[in-house]
Each structure stands twice: as C-alpha cells, then as structure tokens.
Amino acid sequence: MTAAIWQLSDSELLADAAAVSHKIQLLEARRIALVAEIDARVSREKLGFPGPAGWLTSTTLLSPSKANKIVALARGMKNFPDIADAVNTGVMTIDHAALILTFAETPPKNLPQAGQDIARKAMITAATGPQARTGRIREAITKLEDNFGGNKPPPEDTDRNEFFASKTLNGRLVLKGDFDAITGEKLLTALSPLTEPRPAADGTEDDRSPARRRADAFGHILDQNLASSNRPIEGGERPHLNLHITLRDLTDLRDSADADDITDDENTRTADESDDDNHPSTDRGAYRDLFGDGTTVGWLPWMGPLSRNTSRQLACDCVLTAIVMDEHGSPINLARTARTVTAKQRKALTARDHGCAFPGCGKPASWTEAHHIWHWADGGPTDMNNLVLLCGFHHRLIHHSDWEVFIGTDGHPWFIPPATVDPYRQPRQSHARAGPHIA
C-alpha cells in the first residue's frame with residue numbers, strides 16, 4: 001500500500017516527486033502519440049470537429065491553446081523522429097520540443113539542409129536533461145536567423161511579423177506583437193500624440209504610468225476606427241459594439257440611466273411594455289443560476305460577461321443596440337422574415353448563441369453562418385426558432401452527417417449526436433449553454 005505523503009522521509013519525498021515528474025513527461029509523450037494516431041485515423045465526422053484540437057478541448061480539461069500545441073507537436077514530430085525520440089524517452093520536455101520543432105519546420109531561408117540537421121541535433125542535446133536551458137536554445141536560433149535569415153535584416157523582414165491577442169481567464173485581453181520597423185514606426189507615430197501626460201482642468205498632474213497612457217491611447221485609436229465610415233464590412237454590416245442584456249436587467253439600467261441614450265428599437269419598446277414589478281432585480285435566484293445565462297447584466301460577443309457598472313456606462317454613453325433576452329437568455333419579439341437573415345436577427349442570434357452553437361466549438365459569431373434547421377427549400381421559415389449559428393465546418397457537418405439540431409423548450413439549440421458518436425443519442429446543449437446548473 002502506498003504511504004501517505006506526510007509519512008515519506010525527506011529522501012523518499014524527493015525521489016517520489018522526481019519519479020512522478022518523469023512519469024508525467026512520459027504520459028505527455030503518450031498523449032501526443034495518441035493524438036497523432038487520432039489525427040491520421042479518426043474521421044472528422046466522428047470527431048465532430050475539423051481536427052483533434054477541437055475534440056480535445058471539448059472532451060478534456062485542456063484549453064484551446066494547449067490542445068492546439070499538442071496537435072502541432074503530434075503532426076510535426078512525424079517528420080522529425082530525433083525530436084520525437086527525445087520526447088518519447090522522457091529526456092526532453094514538450095516545451096523544448098515545441099521550440100526546436102518550430103525552428104525545424106521554418107528554418108532560416110539560406111541555411112542549407114546539412115546545417116539544419118547539425119543545428120537541430122545540437123539543440124536537442126542542449127535541451128536534454130535537467131541542465132537544459134531555454135535561453136541557450138533561443139540564443140542559437142537567433143544567431144542562425146541573423147546569419148542565414150535572408151537578404152533583409154531582421155528589422156525590415158515583414159515575414160517575422162506576429163500579433164497575438166489572447167483572452168485571459170479573468171476576462172481581460174493580453175496583446176503581444178513582433179513587428180518590422182516600418183509597422184512599428186506607424187504604431188508609435190499613431191500613439192505618440194495620444195500618450196503625452198495630460199493634466200486635469202484644475203491643473204492636477206496626470207498620474208498615469210507610461211504603460212497606462214499607451215493603453216488608453218490604443219483604445220482611443222480603436223474608437224476612431226470604429227467611428228469611421230471607411231471600415232470594412234463583416235457579417236453584412238460595419239463592426240460596432242453590441243451589448244446583450246436580459247429584459248429585467250434592461251429595465252434596471254433604464255431606471256439608472258437616461259433612456260434616450262438606448263436605441264429605441266422594437267426590442268427596447270417591448271421591454272418597456274413588458275416590465276414586471278412583481279420580480280425585482282434582487283430576486284434573481286443568483287445561486288440557482290450561478291452557471292446559467294443572464295447572471296451578469298451585460299455580455300459582449302468577443303469578450304463575454306460585463307459588469308453592471310460598465311453596462312450602465314455603455315447604456316449612458318453610447319448609442320446602443322439593445323438585444324433583449326427572456327429569462328432563458330433567448331431573444332424576444334422578432335417577427336417572421338424572408339429567406340435572408342436580417343441584421344437585427346443576426347444580432348439576436350449572436351446574443352442567444354454567442355458564436356458557433358455546436359457543443360464544444362464556440363467559434364466567434366462573426367465567423368459563423370445562420371443555418372435553417374428546417375431547410376428554407378422545404379418550407380422552413382427564417383424565424384429565430386428555426387435558426388442556429390454554426391461555423392463553416394459544423395454547418396457542413398449538420399448538412400452531411402447524422403448530427404441533428406433542434407430548438408428546445410428553453411428557446412436554445414440542442415444537438416443530437418449520431419449513434420457512431422453516442423449509441424444513446426442523448427441531446428447535448430449548445431456551446432454557450434453547456435456547464436453545470438445548480439438546482
């Protein structure tokens with residue numbers, strides 16, 4: 001029987017921790033090998049996703065970025081067995097493997113094949129064992145890029161440009177970029193006049209840090225772009241902010257803000273006519289609905305939940321398109337339409353489905369298409385109870401497989417998998433609705 005951790009001696013504690021760490025590395029290698037086989041063998045129809053990354057995210061605790069990294073390693077190491085051997089024997093971490101694999105797949109333009117093989121072997125040696133240091137590998141890659149990277153010096157090479165935008169678990173957005181000199185000059189030039197310290201009207205000194213001033217300036221540039229009439233069209237209209245709120249929360253906000261600042265559309269008028277004084281905002285069943293929809297006042301299509309105070313600020317300061325939901329989080333009072341989904345219906349679908357509704361997908365709403373559940377050609381109407389947002393892959397999957405979708409009594413999409421995926425064909429909630437619901 002395995003002894004409890006507190007019963008281990010110091011030597012046993014250290015040995016056990018080292019052994020477990022080695023086992024974890026071997027299990028990670030095993031998972032990569034399994035994913036490689038899944039990628040080669042299991043059909044996309046059976047996965048329910050374009051590749052193993054989406055399936056991993058939907059069936060395990062892995063984040064999308066981690067799942068994508070595993071799939072990239074699984075695919076890449078097929079072509080570089082020396083990297084795979086180091087990972088499979090547990091002498092190199094998958095993080096170092098990913099770094100070396102990136103170099104191996106995109107080597108400097110003018111580095112000959114023999115040089116690539118020698119460099120890769122040297123990097124694997126440097127990444128082997130407890131003495132491995134990421135800095136040494138990065139230094140070697142930088143030297144090779146500088147010497148064999150092409151005719152353009154690094155500051156002028158636009159092929160190196162990268163821009164990452166990652167949403168954090170606490171609902172913020174982290175940006176990371178690597179730009180050529182010209183693009184960098186454009187950005188700094190645009191930021192410069194907006195980043196100067198600006199004393200208040202009473203002469204109080206601007207106490208914002210330089211980083212905070214740059215962040216505020218970047219937000220101002222985005223405001224200017226979204227206000228421009230020359231910005232590109234997406235989803236049939238120019239991008240702008242939409243705030244999704246429940247009927248009850250809209251009423252609360254209108255009590256606190258100037259009602260004239262909220263767009264007077266059909267949904268807003270319905271909210272005025274349907275106000276229910278018998279259900280004040282304090283009686284919301286917060287614990288019961290902790291993981292359900294509508295527990296926060298606002299919701300943004302890209303960033304998600306929004307606090308009451310910020311929602312109130314938007315209601316006061318912006319011309320706002322109000323998409324109003326009922327207690328189930330389903331948009332209300334949308335009339336029947338013709339075959340094409342209207343701009344208002346598109347906003348309402350985004351408010352209900354948040355993005356691709358297929359379980360485990362959730363691609364952004366701007367990347368989705370409106371699918372007729374009962375096909376238009378067969379007499380199906382373009383109504384909310386006959387529409388669902390699906391990304392291109394899942395739109396095709398629904399049309400060409402045994403997956404089924406219907407709108408439940410809660411006004412939200414439900415999906416029935418084929419028997420090859422689930423022999424019992426148990427209905428699954430849409431991606432935005434998945435999760436625990438406390439009784």
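Reading the values: rules and limits
- Residues numbered from 1 in each chain as written.
- Predicted model: local features only at pLDDT ≥ 70, side-chain atom pairs only at ≥ 80, totals over all residues.
- Heavy atoms only, no water.
- Helix = DSSP H or I, 4+ residues; strand = E, 2+ residues; numbered from the N terminus.
- Expected span 1.5 Å × (residues − 1).
- Buried < 20%, exposed > 50% of the residue type's maximum accessible area, 1.4 Å probe, protein only.
- Contact = heavy atoms within 4.5 Å.
- Salt bridge = Lys/Arg side-chain N within 4 Å of Asp/Glu carboxyl O.
- Phe/Tyr/Trp six-rings, centres within 6.5 Å; stacked < 30°, edge-to-face > 60°.
- Disulfide = S-S within 2.5 Å.
- pLDDT = per-residue confidence, 0-100.
- Pairing = 2+ DSSP bridges.
- Polar contact = N/O pair within 3.5 Å; in protein donor to acceptor, adjacent residues only side chain to side chain.
- Core = buried A, V, L, I, M, F, W, Y, C linked by side-chain atoms within 4.5 Å.
- Patch = residues over 30% accessible without salt bridge, like charges linked within 9 Å, V, L, I, M, F, W, Y side chains within 5 Å.
- Areas by Shrake-Rupley, 256 points an atom, 1.4 Å probe, with all protein chains shown as cover.

**Focus: helix 4 (residues 64-76)**
Part 1 of the argument: End to end, helix 4 covers 18 Å across 13 residues, agreeing with the expected 18 Å (1.5 Å per residue, within 8%).
Part 2 of the argument: Residues of helix 4 that are buried: Ala 67, Ile 70, Val 71, Leu 73, Ala 74 and Gly 76.
Part 3 of the argument: Considering only its buried residues, helix 4 is in contact with helix 1 (10-41), helix 3 (52-59) and helix 6 (94-105).

**Re the pairing of strand 8 (residues 387-391)**
Part 1 of the argument: Summarising burial for strand 8: 5 of the 5 residues are buried, a large majority.
Part 2 of the argument: By the alternation rule, side chains of strand 8 split into Leu 387, Leu 389 and Cys 391 and Val 388 and Leu 390, which are all buried.

**A word on the pattern of salt bridges**
Part 1 of the argument: The tally for this structure, following the rule as stated, stands at 14 salt bridges.
Part 2 of the argument: When the shortest N-O distance is used, the salt bridge between Asp 39 and Arg 75 registers 2.7 Å. In this pair, Asp 39 sits in helix 1 while Arg 75 sits in helix 4, placing the two residues 36 residues apart along the sequence.
Part 3 of the argument: On the accessibility criterion, Arg 75 (41% relative accessible area) is partly exposed.
Part 4 of the argument: Note that Asp 206 is salt-bridged to Arg 208, the shortest N-O span being 2.8 Å.
Part 5 of the argument: Arg 208 sits in the partly exposed class, given a relative accessible area of 21%.

**Let's talk about the packing of aromatic side chains**
Part 1 of the argument: If you walk through the whole model with that rule in mind, you get 4 aromatic pairs.
Part 2 of the argument: Here Phe 358 and Phe 415 contribute two aromatic rings whose centre-to-centre distance is 5.5 Å and whose plane-to-plane angle is 65°, an arrangement assigned as edge-to-face. Placement of Phe 358 in the loop between helix 14 (343-353) and strand 7 (368-372) and of Phe 415 in strand 10 (residues 413-416) is noted, with a sequence separation of 57 residues between them.
Part 3 of the argument: Judged by its relative accessible area of 1%, Phe 358 falls in the buried class.
Part 4 of the argument: An aromatic cluster of three or more residues is present, and its members are Phe 49, Phe 358, Trp 403 and Phe 415.

**Points about the state of the cysteines**
Part 1 of the argument: Applying the stated criterion across every chain, the model contains 0 disulfides.
Part 2 of the argument: With no disulfide of its own, Cys 356 lies closest to Cys 361 among cysteine sulfurs, the gap being 3.6 Å.
Part 3 of the argument: For Cys 356, a relative accessible area of 1% corresponds to the buried category.
Part 4 of the argument: With no disulfide partner, Cys 391 has as its closest neighbouring cysteine sulfur the one in Cys 356, 3.8 Å distant.

**Examining the confidence of the model for the protein**
Part 1 of the argument: Considering every residue of the protein, the mean pLDDT works out to 79; 75% of them sit at 70 or more.
Part 2 of the argument: Within the model, the stretch residues 257-295 combines pLDDT values under 50 with 72 contacts to residues more than four positions away or in other chains.
Part 3 of the argument: Taken together, the stretch residues 316-320 has pLDDT below 50 and engages in 10 contacts with residues farther than four places along the chain or on a different chain.

**A short note on the sheet that holds strand 10**
Part 1 of the argument: Taken together, the 3 strands give an open sheet; going across it, the order is 9-10-11, and neighbouring strands pair in antiparallel fashion. The strands lining the two open edges of the sheet, one partner per strand, are strand 9 (404-407) and strand 11 (428-429).
Part 2 of the argument: Sheet topology note: the strand 10/strand 11 ladder contains 2 bridges and is antiparallel. In the strand pairing of strand 11, Phe 415 is matched with Arg 428.

**Re the pairing of strand 10**
Part 1 of the argument: Alignment of strand 9 against strand 10, held across 4 bridges, turns out to be antiparallel. Each residue of the ladder has a partner; that of Val 405, found in strand 10, is Phe 415.
Part 2 of the argument: Between strand 9 and strand 10, which follow one another and run antiparallel, lie 5 residues, and Gly 411 among them has a positive phi close to 80°.

**Points about the side chain of Asp 422**
Part 1 of the argument: Position of Asp 422 among the secondary structure elements: in the loop between strand 10 and strand 11.
Part 2 of the argument: Looking at Asp 422, its side chain comes within polar contact range of the main-chain nitrogen of Tyr 424, at 3.0 Å.
Part 3 of the argument: Once residues lying within four places of it in the same chain are set aside, the contact partners of Asp 422 are Pro 417 and Arg 428.

**With respect to the nonpolar core**
Part 1 of the argument: Counting residues in hydrophobic clusters, the biggest one holds 36 residues, and the most contacted among them are Ile 83, Met 92, Ile 100, Met 123 and Ile 137.
Part 2 of the argument: Sort the elements by how many residues they give to this core and helix 6 lands first, with 8 residues.
Part 3 of the argument: Among residues more than four places away in sequence, those in contact with Ile 83 are Met 77, Met 92, Ala 97, Ile 100, Leu 101, Arg 120 and Ile 124.
Part 4 of the argument: Core analysis: the next-biggest nonpolar cluster, separate from the first, contains 14 residues, Phe 49, Ala 357, Val 405 and Phe 415 among them.

**Digging into unusual backbone geometry**
Part 1 of the argument: In the Ramachandran plot, His 354 falls in the positive-phi region, its phi being about 70° despite a non-glycine side chain.
Part 2 of the argument: Here His 354 is to be found in the loop between helix 14 and strand 7.
Part 3 of the argument: One non-glycine residue, Arg 425, lies in the positive phi region at around 50°.
Part 4 of the argument: With respect to the element layout, Arg 425 can be found in the loop between strand 10 and strand 11.

**Overview of helix 15 (residues 392-400)**
Part 1 of the argument: Looking at helix 15, one finds that the buried residues are Gly 392, Phe 393, His 394, His 395, Leu 397 and Ile 398.
Part 2 of the argument: Considering only its buried residues, helix 15 is in contact with helix 2 (44-47), strand 7, strand 8, strand 9 and strand 10.

**Details of a nonpolar patch on the surface**
Part 1 of the argument: Among the surface-exposed residues, Phe 163, Leu 173, Leu 175, Phe 179, Leu 187, Phe 218 and Leu 222 lie close enough to one another that they form a single nonpolar patch of about 590 Å² accessible area.
Part 2 of the argument: Mapped onto the nonpolar patch, the elements with two or more residues apiece are strand 2 (173-178) and helix 10 (210-227).
Part 3 of the argument: Locating Phe 179 in the fold gives a position in the loop between strand 2 and helix 9 (181-191).

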